[in-house]
Amino acid sequence: MLNFSYYEDTFDPGAPRRKKLRPNYKPKRRREEIAASLADKAAPTGDGFNPTFSASRHEHEWIVNYLGPFYDDHQITDVLRLVKGGKEANVYCCAAHPALGAELLAAKVYRPRMFRNLRNDALYRRGREILDAEGKAVRDPKALVAAAKKTSFGQELLHTSWLAHEGNTLRLLAEAGADVPRIFARGENAILMTYLGDRDSPAPTLNHVTLPPRRARPLFDRLLHNVELMLAHRKVHGDLSAYNVLYWEGDICIIDFPQAIDPFTNPAAFGIFRRDVTRLCEYFDKYGISANAGQLARTLWDKHVVAKQEPELPTEDVEE
Ligand SMILES: Nc1ncnc2c1ncn2[C@@H]1O[C@H](COP(=O)(O)OP(=O)(O)OP(=O)(O)O)[C@@H](O)[C@H]1O
Ligand SMILES: [Mg+2]
């Protein structure tokens, strides 16, 4: 099958060659072009949409562009506050439309790809298909070549694909019963999902919480249950740590999935999986929960991947 990896290998096998192909590479100009084109593509809508959240002019436009369609579609009625400006996205707390049966929703609006700071994103793209805004695999060879060559258009495709992977993964895992936010809607550059927290305070991430000692063990078990459930559904989070687990009303909710990988198609998947498990174990170690992360990861991997795998995938090491 001709997927993105094929085109990447053909046209973009490594940084040195990429440099040669683009002697006049000017990252700054390209960033601006891509930002402009992303902004153009999001037709400003949101007639009558006047968010309560007071933002700078630039951020206001950003919000109206990307969250306006949710307002038009009667999914949100207001944007109340910025929850957090992350490295990849801004997350806003929104008032939900009464028809949705939730009071508040979280809207994650992605920054243009070039503002992202994910270390070594190619590692996560290996073995993954390029997805369009609807979450369907892109098959057009020209588009795949553009992505592999990282033209402006190709960068846009990769950006869209990145967020489509998060939407698809969240949908799949919520249906599988994992502790992840439920997706209510997907836009061109945003997702709308369950909000954890209340109006005044969003749920903290686990790294900001001191757990009641008796809650540590059940929560650790719960997280491992989620890790196993994901693996059984061909997903490895890829950036799992206390920073991407919300803690609310005594329970956990795992967030932030754009880099999730398929354990059967990414050659570095076991290393990435083991790192996820290790980070969880390290967090809970301070609560006196001792676990052998390497052994745990291997046992789960053998059960859900090796046992179902044919033929055997080569494995690669990943920096811890
Ligand atoms: N569904 C949600 N409900 C409440 N808060 C949320 C929700 N999703 C995300 N957040 C908050 O927004 C922050 C950023 O979200 P997320 O981790 O998905 O994006 P990111 O760009 O990868 O951010 P970071 O660089 O901080 O990891 C989270 O750390 C969390 O505080
Ligand atoms: Mg995060």
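Note that the structure is predicted; figures quoted are calculated from it, not measured.

Describe the site of ligand 1, with residues and values.
Taken together, 18 residues are adjacent to ligand 1, and K84, E88, K108, T194 and D256 come closest. Within the contact set of ligand 1, an oxygen atom lies 2.8 Å away from a side-chain nitrogen or oxygen of K84. Within the backbone of L196, an N or O atom sits 3.0 Å from a nitrogen atom of ligand 1. Summarising the interface, the protein chains cover 93% of the accessible area of ligand 1, which totals 600 Å² for the free molecule. Mapped onto the shell around ligand 1, the elements with two or more residues apiece are β1 (76-85), β2 (89-96), β3 (104-110) and β5 (190-194). Among the residues forming the shell around ligand 1, the class breakdown is 9 nonpolar, 4 polar and 5 charged. For the shell around ligand 1, the domains that each give at least three residues are domain 1 (4-194) and domain 2 (206-308).

Outline the coordination of the magnesium ion (ligand 2), listing residues and values.
Octahedral six-donor coordination of a metal ideally yields angles of 90 or 180 degrees, compared with 109.5 degrees for tetrahedral four-donor coordination. The protein atoms that coordinate the magnesium ion (ligand 2) are N244 (OD1) and D256 (OD), at distances of 2.2 Å. Of the two residues, N244 sits in the loop between α8 (213-232) and β6 (245-248) while D256 sits in the loop between β7 (251-254) and α9 (269-285), which places them 12 residues apart along the sequence. The pair N244 / D256 is uniform in exposure class, with both members buried.

Help me get a handle on the confidence of the model for the chain, residues and values and all.
With 82% of its residues at a pLDDT of 70 or more, the chain shows a mean pLDDT of 85. In this model, residues 10-31 is a region of pLDDT below 50 whose contacts with residues beyond four sequence positions or in other chains number 22 contacts.

Residue-level account of the sheet that holds β1, with values.
As summarised here, the arrangement of the 5 strands in space is β1-β2-β3-β5-β4, forming an open sheet in which the pairing is antiparallel. The open sheet has two free edges, formed respectively by β1 and β4 (183-186), since each of these has just one partner strand. If you compare each strand with its neighbour and ignore which way they point, the axes differ by 25° on average. Across 3 bridges, the pairing between β4 and β5 is antiparallel. In the sheet register, I183 faces β5, and the bridge partner there is M193. Running over the sheet, helix α4 (residues 57-72) touches β1, β2, β3, β4 and β5 and is turned about 130° from β1. Sitting on the sheet, helix α7 (residues 152-176) is in contact with β3, β4 and β5, with an inclination near 155° to β4.

Summarise the packing of helix α6 (residues 141-149) against α7; cite the residues concerned and give the values.
One way to put it is that α6 packs onto α7 with a least axis distance of 7 Å and a crossing angle of 95°. Compared by their axis directions, α6 and α7 come out roughly perpendicular. Along the contact surface, α6 presents A143, A146 and A147, while α7 presents F153, G154, L157 and L158. Residues belonging to the contact of α6 with α7 are distributed by class as follows: 6 nonpolar, 1 polar and no charged.

Please provide a residue-by-residue account of α7, values included.
For α7, which comprises 25 residues, the first-to-last C-alpha distance of 36 Å matches the rise-based estimate of 36 Å (1.5 Å per residue) to within 8%. One or two steps after α7, the chain reaches G177, where phi turns positive at roughly 95°.

Just give me the short version of the environment of L219, but keep the residues and values in it.
Position of L219 among the secondary structure elements: in helix α8. Relative accessible area serves as the criterion here: at 1%, L219 is assigned to the buried category. Separated by 33 residues in the primary sequence, L219 and I252 place their C-alpha atoms 7.2 Å from one another. If sequence neighbours within four positions are ignored, L219 has contacts with L211, Y247, G250, D251, I252 and F284.

Which residues make up the packing of aromatic side chains, and what are the values?
Centre distance and the angle of the planes are the two values used to describe a pair of aromatic rings. By the definition in use, this model includes 9 aromatic pairs. Where W62 meets Y66, the ring centres are 4.9 Å apart and the plane angle is 75°; that geometry is what we call edge-to-face. Taken together, the residues span about one helical turn, with W62 and Y66 both in helix α4 at a distance of 4 residues. An identical accessibility class is assigned to W62 and Y66; each is buried. Arranged with centres 6.4 Å apart and planes meeting at 45°, the rings of F284 and Y287 form a pair that is tilted. Of the residues examined, F284 reaches a relative accessible area of 0% and is grouped as buried. Feature note: the residues F220, Y283, F284 and Y287 constitute an aromatic cluster, connected by ring pairs. When the ring centre of F184 is taken as reference, the NZ or CZ atom of R182 above it lies at 4.2 Å. A cation over a ring is seen here: R298 above F270, with NZ or CZ 4.2 Å from the ring centre.

The rules behind the values
- Each residue is numbered by its place in its chain's sequence as written, counting from 1.
- Just so you know, chain letters begin at A and ligand numbers begin at 1, following the order they were written in.
- For this predicted model, a pLDDT threshold of at least 70 governs which residues receive local features, and a threshold of 80 or more governs which side-chain atom pairs are given and counted, while totals over whole chains, interfaces and linings are taken from all residues.
- The side-chain numbers reported here are obtained from all heavy atoms of the structure, hydrogens and water having been left aside.
- Here a residue counts as near a molecule or strand whenever at least one of its heavy atoms sits within 4 Å of it.
- Polar contact is defined as a pair of N or O atoms within 3.5 Å, subject to the rule that within protein one atom must be able to donate a hydrogen and the other to accept it, and that residues adjacent in sequence are counted only when both atoms are side-chain atoms.
- Only the protein chains shown count as cover for residues, and the accessible areas themselves come from Shrake-Rupley with a 1.4 Å probe.
- Secondary structure elements are defined from DSSP: runs of H or I of at least 4 residues count as helices, runs of E of at least 2 residues count as strands, and each element is numbered from the N terminus.
- In this count, Pro and Cys sit with the nonpolar residues alongside Ala, Val, Leu, Ile, Met, Phe, Trp and Tyr, while Asp, Glu, Lys and Arg are called charged and the others, Gly among them, polar.
- Residue ranges assigned to each domain were obtained from an automatic or database domain assignment.
- In this listing, donors mean N, O and S atoms no farther than 2.8 Å from the metal, or 3.2 Å for Na, K and Ca; water is missing from the atoms, so a site can look incomplete.
- Burial classification: accessible surface area is computed with a 1.4 Å probe over protein chains only, and a residue below 20% of its type maximum counts as buried, one above 50% as exposed, and the rest as partly exposed.
- Residue-level confidence of the predictor is summarised by pLDDT, bounded by 0 at the bottom and 100 at the top.
- Note on contacts: a residue pair qualifies if any of its non-hydrogen atoms lie within 4.5 Å across the two residues.
- Strand pairing is assigned whenever DSSP detects at least two bridges linking the two strands.
- Angular values range over 0 to 180 degrees, each being the angle between N-to-C directions of two axes fitted as lines to C-alpha atoms, with helices fitted over their stretch in contact.
- Oblique is the label for every angle not falling under 35 degrees (roughly parallel), over 145 degrees (roughly antiparallel), or within 65 to 115 degrees (roughly perpendicular).
- Expected span, for any helix, means 1.5 Å times one less than how many residues it has.
- Stacked, tilted and edge-to-face are the three classes applied to pairs of Phe, Tyr and Trp rings, where Trp contributes its six-membered ring and a pair requires centres within 6.5 Å; stacked means planes under 30 degrees apart, edge-to-face means over 60, and tilted covers the rest.
- Charge-over-ring contacts are defined here by two conditions on Lys NZ or Arg CZ: a distance within 6 Å of the ring centre and an angle within 35 degrees of the ring normal.

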